[in-house]
Amino acid sequence: MRLDVVTIFPEYLDPLRHALLGRAIERGILEVGVHNLRDWAHDVHKSVDDTPFGGGPGMVMKPEVWGPALDDVVALTGPAAADGVLDSALPHVPATVPEQVSAQDRGEDAAAASDGDRRPVLVVPTPGGAPFTQDTAQRWSGEDRLVFACGRYEGIDQRVFDDAAQRYRVEEVSLGDYVLIGGEVAVLVMAEAVVRLIPGVLGNRRSHEEDSFQDGLLEGPAYTKPRVWRDLEVPAVLTSGDHGKVDRWRRDQALLRTARQRPDLIEAARARGDLDRQDLGVLGE
Ligand code: 6GU
């Protein structure tokens, strides 16, 4: 997968080079290009914004700067061709060929995976977008290219997105019901959620099959050694060696935590028919 980010604060994206994402870059699973929007500014002041039509506070980012920037990033031409991909911050590890896993093996809808629309996804982080969820991350993890357009101030001239729809599948997304100063931190969040789902990025393939949200419930508590710590004992079932009982206990804990923290998710699971009589019994107690 190749990720590109267009921003006026390229240094904000430096964390992409570290830890899990850095390792994916090092192993050739991921390429990241970070582009400074000001490289497409026309005037000596490199201005990228202007006052809003209709008045009001704040500034709006200019279409004559964003338009050519997005054209060049999709084609990797102009200043975008010169922008090297980020190097990993990690010490070199020998390249390994990632295990090839088909869209079907990943559990994706075959039609969605092969609908033939090869336009890159243009992600626009904005509090006005649709919620970014684990489903969004799963869907994007099968893409060849994702381009993130980071706006600041009061946003980007709407015509930029109307026009970009010719070359991109445009998706406006929000992390939640609060306002960030710009999209950069949101891009770090989304990139991490997406990249860890790419086959071969996490060491243990099972480790995201049991994630919170993967089955619509939150994960319950976890314990490790020692069995007694500061007079607190690990629940006895976990040391019983009875795997059936452990699985049932984990399911109960997930149900109880989800009911406490996110009753909306319990309601959704019930509506999908994902809760059996035993589940409903645990929730009823
Ligand atoms: Cl994705 N971007 C910005 N700028 N603000 C946000 C957001 C995204 N999600 C919540 N607030």
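The structure we're discussing is the one just above.
All of the points below concern the structure found in this document. (Residues numbered from 1 in each chain as written. Predicted model: local features only at pLDDT ≥ 70, side-chain atom pairs only at ≥ 80, totals over all residues. Heavy atoms only, no water.)

1. Overview of the packing of helix α8 (residues 243–261) against helix α9 (residues 263–272)
So, point 1. The contact between α8 and α9 brings their axes to 5 Å, and the two run at 120 degrees. Between α8 and α9, the interaxial angle falls into the category oblique. Contacts from L255, T258, A259, R260 and Q261 of α8 reach α9 at P263, L265 and I266.
So, point 2. Of the residues belonging to the contact of α8 with α9, the class tally is five nonpolar, two polar and one charged. (Axes fitted to C-alpha atoms, helices over the stretch in contact; angles between N-to-C directions. Helix = DSSP H or I, 4+ residues; strand = E, 2+ residues; numbered from the N terminus. Parallel < 35°, antiparallel > 145°, perpendicular 65-115°, else oblique. Contact = heavy atoms within 4.5 Å. Nonpolar A, V, L, I, M, F, W, Y, C, P; charged D, E, K, R; others polar.)

2. Section: the site of the ligand
So, point 1. If you check the shell around the ligand, you find P125, T126, P127, V173, S174, L175, G176, Y178, L180, G182, G183 and A186 and nothing else.
So, point 2. In this structure, T126 approaches the ligand through a main-chain N or O atom, which is 3.5 Å from a nitrogen atom.
So, point 3. Taking Y178, its main chain carries an N or O atom lying 2.6 Å from a nitrogen atom of the ligand.
So, point 4. Alone, the ligand offers 290 Å² of accessible surface; in the complex the protein occludes 97% of this.
So, point 5. Partitioning the shell around the ligand into residue classes produces seven nonpolar, five polar and no charged. (Near = heavy atom within 4 Å. Polar contact = N/O pair within 3.5 Å; in protein donor to acceptor, adjacent residues only side chain to side chain. Areas by Shrake-Rupley, 256 points an atom, 1.4 Å probe, with all protein chains shown as cover.)

3. A look at the pattern of salt bridges
So, point 1. Under the criterion given, the structure shown has 21 salt bridges.
So, point 2. Note that R167 and D71 form a salt bridge whose closest N and O atoms lie 3.0 Å from each other. Here R167 is found in the loop between α6 (158–164) and β7 (169–174), whereas its partner D71 is found in helix α2 (residues 63–75), with 96 residues between them in sequence.
So, point 3. Residue D279 pairs with R251 through a salt bridge whose shortest N-O separation is 2.9 Å. Taken together, the residues span a long stretch of sequence, with D279 in helix α10 (residues 277–284) and R251 in helix α8 at a distance of 28 residues.
So, point 4. The buried category is assigned to D279, whose relative accessible area is 1%.
So, point 5. Residue R251 is classed as partly exposed on the basis of its relative accessible area of 25%. (Salt bridge = Lys/Arg side-chain N within 4 Å of Asp/Glu carboxyl O. Buried < 20%, exposed > 50% of the residue type's maximum accessible area, 1.4 Å probe, protein only.)

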